[in-house]
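Here is what each chain is made of, one letter per residue.
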Amino acid sequence: MQHWWILFSEGSYEYKCKRKESDLFLEGHIDSSNVSSFESEIMRFIEQSDSDSLILDADKLEYISSAGLRVILKLGKRFGDAVKIIGAQPQVYEIFDITGFTEIVTVEKAYRTFDVTGCELIGEGANGLVYRVANDTIVKVYKNPDSLDDIKRERELSRTAFILGIPTAIPYDVVRVGNTYGSVFELLNAKSFDELIREDEANIDFVVSQSVMIMKTIHTTKAPENLPHQRDTALQWVPMVTDYFTPEQHQRLKKLIENIPEEGMMLHGDLHIKNMMTQNNETLLIDMDTLCTGHPIYELAFMFNAYKGFGIVDDKKVSEFFHMPADTAYRIWRRTLSMYLDTEDETVLNEVEEKASLIGYLRIMRRVIRMGNDSTEEGIKLVEACQKRLCELIEKYDTLTF
């Protein structure tokens, strides 16, 4: 393998370029004082290569002027989509972005690295863990190592929700955390709702009222057209559980979901006290990548799972998730449901909970099967428990609306 080093100084800046196969490593400043040499050396390297692609590693590039951009533009015209800039530091990435270069050539930003070892775990959502890394800074670490597209989508969804009046924190940076990525939020004096309750159970009233306020704000907000429809998603779960029901039961389950009306309103998709925070008396959501649209019964179903459903076999699963007794978590759920429905009628509350649990247990079964855990001892017990409850509920209700 050939290695190339070029080192020269022109004007007040030094520019260094190293070539390794189809990669060029840029360092220092590129401006009008050295751009001619920059271009000639790059072209010389290209001529000695049979590669039909070009990667410019800008990790150590401190500055590039419009003259340097024009050279890279020529490369873009020559290589098309096969030319890519990687590792651009924030100040350099901003130059590419402001000039519109990111719309012409693929430019990947360099990411700061964060170590969350020993940091307090303060929240958890479907796709990530939230750590406090400083008094005023939290990081959501994504479970999926290939999560950059997810992070971009969540940032867009957070901005959309914020503009629509939903109180949400918007991440301001992306970082590397081990072999995955994280989103950084600046939240001064922020505490998650589960933290407040662990400090003092008297805070339950505040937490419940704020949770319901957010729920009603979300559920009365017209959803953007680009959000997934939760009914379509739920219908994709039904074929996965075919083997666990009779044909009649399976068809009835499918019809119950098909008949849930499309409300066109926004749903959070993973709403519970670990992804809601309070900061200076303002409540904020910090986990927006599950936003979708549909009937509120889906929201209640996913909340039921967090507060009770996942503990159907062993309620320690709930207490371990919230770091509080399972009966406390269930009490929060019931009070939230009561305030949301504006009733204390136990008959009504039990009916809505059962309807929500039907969808919730279906989702749990799908999750176990999708993860390939339906053949493990724990997975078998969980699927069987959900199946038993679903068989009862499928026969009991003709509609899941309320």
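Up top is the structure.
Residues numbered from 1 in each chain as written. Predicted model: local features only at pLDDT ≥ 70, side-chain atom pairs only at ≥ 80, totals over all residues. Heavy atoms only, no water.

Participant: Quick question: what am I supposed to make of the pattern of salt bridges here?
Facilitator: Between side chains of opposite charge, a pair can form when the charged atoms approach closely. The full count for this structure, using the stated rule, is 25 salt bridges. Here Glu195 makes a salt bridge to Arg132, at a shortest N to O gap of 3.4 Å. Here the residue Glu195 occupies a position in helix H5 (residues 193-199), and Arg132 occupies one in strand S9 (residues 128-134), the gap between them amounting to 63 residues. Arg132 matches Glu195 in its accessibility class, with the two residues each being buried. Put simply, Lys140, Glu154, Asp287 and Asp289 are held in one network by salt bridges that share partners. (Salt bridge = Lys/Arg side-chain N within 4 Å of Asp/Glu carboxyl O. Helix = DSSP H or I, 4+ residues; strand = E, 2+ residues; numbered from the N terminus. Buried < 20%, exposed > 50% of the residue type's maximum accessible area, 1.4 Å probe, protein only.)

Participant: Would you explain the sheet that holds strand S13 (residues 191-192) in this entry?
Facilitator: Backbone-to-backbone hydrogen bonds pair the strands of a sheet. The strands run either parallel or antiparallel. Strand order in the open sheet formed by three strands is S13-S15-S16, and the pairing between neighbours is antiparallel. Two strands in the sheet have a free side with no partner beyond their single neighbour: S13 and strand S16 (282-285). Summarising the sheet, strand S15 (residues 276-279) and S16 pair through four bridges and their orientation is antiparallel. Each residue of the ladder has a partner; that of Gln279, found in S16, is Glu282. On top of the sheet, helix H6 (residues 204-219) reaches S15 and S16; it is set at about 60 degrees to S16, its chief contact. (Pairing = 2+ DSSP bridges. Contact = heavy atoms within 4.5 Å. Axes fitted to C-alpha atoms, helices over the stretch in contact; angles between N-to-C directions.)

Participant: For this particular structure, what's the right way to read the environment of Ala88?
Facilitator: Summarising the element assignment, Ala88 is placed in strand S5 (residues 83-88). Take Ala88: its relative accessible area is 0%, and that puts it in the buried class. For Ala88 and Glu108, which are 20 residues apart along the polypeptide, the C-alpha to C-alpha distance reads 6.3 Å. Those residues in contact with Ala88 that lie beyond four places of it in its chain are Ala58, Tyr93, Val107, Glu108, Lys109 and Ala110.

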